[in-house]
Amino acid sequence: NAGVTQTPKFRILKIGQSMTLQCTQDMNHNYMYWYRQDPGMGLKLIYYSVGAGITDKGEVPNGYNVSRSTTEDFPLRLELAAPSQTSVYFCASRLTLGAPEAFFGQGTRLTVV
Amino acid sequence: AQSVTQLDSQVPVFEEAPVELRCNYSSSVSVYLFWYVQYPNQGLQLLLKYLSGSTLVKGINGFEAEFNKSQTSFHLRKPSVHISDTAEYFCAVINRDDKIIFGKGTRLHILP
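Residues numbered from 1 in each chain as written. Chains lettered and ligands numbered in written order. Predicted model: local features only at pLDDT ≥ 70, side-chain atom pairs only at ≥ 80, totals over all residues. Heavy atoms only, no water.

### Things to note about the sheet that holds strand β7 (residues 64-66) of chain A
All names here are of chain A. Read across the open sheet, the four strands follow the order β1-β3-β8-β7; overall the sheet is antiparallel. Of all strands in the sheet, those bounded by a partner on one side alone are β1 (4-7) and β7. Geometrically, the sheet is characterised by an average inter-axis angle of 20° between neighbouring strands, direction not taken into account. (Pairing = 2+ DSSP bridges. Helix = DSSP H or I, 4+ residues; strand = E, 2+ residues; numbered from the N terminus. Axes fitted to C-alpha atoms, helices over the stretch in contact; angles between N-to-C directions.)

### A few points about the nonpolar core
Residues and elements named next belong to chain B. With 29 residues, the main nonpolar core has Trp35, Leu48, Leu76 and Tyr89 as its most contacted residues. Mapped onto this core, the elements with two or more residues apiece are β2 (10-14), β3 (19-21), β5 (32-38), β6 (44-50), β8 (64-68), β9 (73-78), β10 (87-94) and β12 (106-111). At four residues, β10 tops the list of elements feeding residues into this core. Not counting chain neighbours up to four residues away, the residues in contact with Leu48 comprise Leu33, Phe34, Trp35, Val57, Lys58, Gly59, Phe63, Glu64, Ala65, Phe74 and Leu76. (Core = buried A, V, L, I, M, F, W, Y, C linked by side-chain atoms within 4.5 Å. Buried < 20%, exposed > 50% of the residue type's maximum accessible area, 1.4 Å probe, protein only. Contact = heavy atoms within 4.5 Å.)

### Some remarks on unusual backbone geometry
Here the bond from Thr7 of chain A into Pro8 of chain A is cis, since omega is -5°, no more than 30 degrees from zero. Here Pro8 of chain A shows up in the loop between β1 and β2 (10-13). Residue Asn28 of chain A is not a glycine yet carries a positive backbone phi of 60°. Structurally, Asn28 of chain A can be placed in the loop between β3 (19-25) and β4 (31-37). At Glu16 of chain B, a position not held by glycine, the phi torsion is positive, near 75°. Topologically, Glu16 of chain B is positioned in the loop between β2 and β3.

### Topic: the side chain of His29 of chain A
Residues and elements named next belong to chain A. By the element assignment, His29 lies in the loop between β3 and β4. Taking the relative accessible area as the measure of exposure, His29 reaches 5% and is therefore buried. For His29, the contacting residues outside a window of four places in its chain are Arg68, Thr71, Ser93, Arg94, Leu95 and Phe103.

### Remarks on the pairing of β1 of chain A
A regular strand places its side chains on the two faces of the sheet in alternate fashion. Residues and elements named next belong to chain A. Residues of β1 alternate between two faces, with Val4 and Gln6 buried on one and Thr5 and Thr7 left unburied on the opposite face. As defined by bridge partners, β1 adjoins β3 across four bridges and the pair is classed as antiparallel. Counterpart to Gln6 in the pairing with β3 is Cys23.

### So, the interface of chain A and chain B
Interface size is commonly expressed as the accessible surface area that is lost when the partners come together. Residue-level contacts link 22 residues of chain A with 21 residues of chain B. Interface area for chain A against chain B, summed over the two sides, is near 1,700 Å², with a carbon-plus-sulfur share of 57%. The interface formed by chain A and chain B includes two salt bridges. In this structure, Lys49 of chain B and Glu101 of chain A form a salt bridge, with 2.9 Å as the shortest nitrogen-oxygen distance. Listing elements by their share of the side of chain A that touches chain B, those giving two or more residues are β4, β5 (43-51) and β9 (87-94) of chain A. The greatest single-element share of the side of chain A that touches chain B, amounting to four residues, is contributed by β4 of chain A. Taken together, the residues that form the side of chain A that touches chain B break down as 12 nonpolar, six polar and four charged. (Buried area = accessible area lost by both parts, 1.4 Å probe. Salt bridge = Lys/Arg side-chain N within 4 Å of Asp/Glu carboxyl O. Nonpolar A, V, L, I, M, F, W, Y, C, P; charged D, E, K, R; others polar.)

### Points about the state of the cysteines
Taken as a whole and assessed by the stated rule, the structure comprises two disulfides over all chains. The disulfide that involves Cys23 of chain A links it to Cys91 of chain A, with 1.9 Å between the sulfurs. Its S-S torsion of about -70° marks the bond between Cys23 of chain A and Cys91 of chain A as left-handed, since a negative value means left-handed. With Cys23 of chain A in strand β3 and Cys91 of chain A in strand β9, this pair connects stretches of sequence that are 68 residues apart. Cys23 of chain B shares a disulfide with Cys91 of chain B; S-S distance 2.0 Å. Taking the torsion about the S-S bond as the criterion, the Cys23 of chain B to Cys91 of chain B disulfide, at about -70°, is left-handed. (Disulfide = S-S within 2.5 Å.)

### Thoughts on the layout of surface pockets
In this approach a probe as big as a water molecule rolls over the atoms, and the regions it shows empty are the leftover space. The space that makes up the largest pocket amounts to roughly 570 Å³. Looking at the largest pocket, it is lined by 31 residues, and the ones nearest its centre are Gln37, Val88 and Arg109 of chain A together with Gln38 and Asn41 of chain B. Breaking the lining of the largest pocket down by element, the ones donating at least two residues are β9 and β11 (108-112) of chain A together with β10 and β12 of chain B. A total of four residues in the lining of the largest pocket trace back to one element, the largest contributor, which is β11 of chain A. Of the residues in the lining of the largest pocket, the class split is 11 nonpolar, 14 polar and six charged. The computed volume of the second largest pocket comes to approximately 310 Å³. Along the wall of the second largest pocket there are 18 residues; nearest its centre are Leu43 and Glu59 of chain A together with Gln2, Ile101 and Phe102 of chain B. (1 Å grid on protein atoms, 1.4 Å probe; cavity = no way out; pocket = protein on both sides within 12 Å on 5 of 7 lines; lining within 4 Å. Points joined across faces, edges and corners; volume = space filled by probe spheres on them.)

Take it as geometry only, folks, not as evidence of what the structure does.
Shown next, in the form of structure tokens:
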């Protein structure tokens, strides 16, 4: 089982460049989340989605955009990369009932220089 | 707003000694509670979860946690740690808006 797959695993961006972090899950989960992890700060929610076509902001959405056109995919877009966006990004998915725990991807380590 | 507090950022413990990692949450309503483990350069893996029922929850790798509603706590315990338990541990709660809120994490250092 693939679970939650994130690509790429590593990326270096220059200030002002844009990129899309990909996230795909094959578990037919309706909820999906994007987090960023900075040392000593835990995981902070960027955006989340409760189903295809529905997205909502989390705690730190500025500088990011998302879309959810299918149940499987939840890409995260950085339009104008800034050094403050240097972080490790995690995508997660879960069901709402029965087994509500989240499953995480392996992360994308992004450096903006 | 709902929050999760992990009081200890780092916990050193000798191998084969017991350990407790503390977690407190703020909520006046029923919640789902979780502990996740993150090994170096990896994603988060579920250790255990509390949804309802028995307040003592057993997880993988010999870990267990106790839900205490009156103290709004969900502390993680293991009676005897191993070097392979070296990792960062995160407490999390799902709130009414279906957001998953994480604590800042506790690094467990196993001393030989």
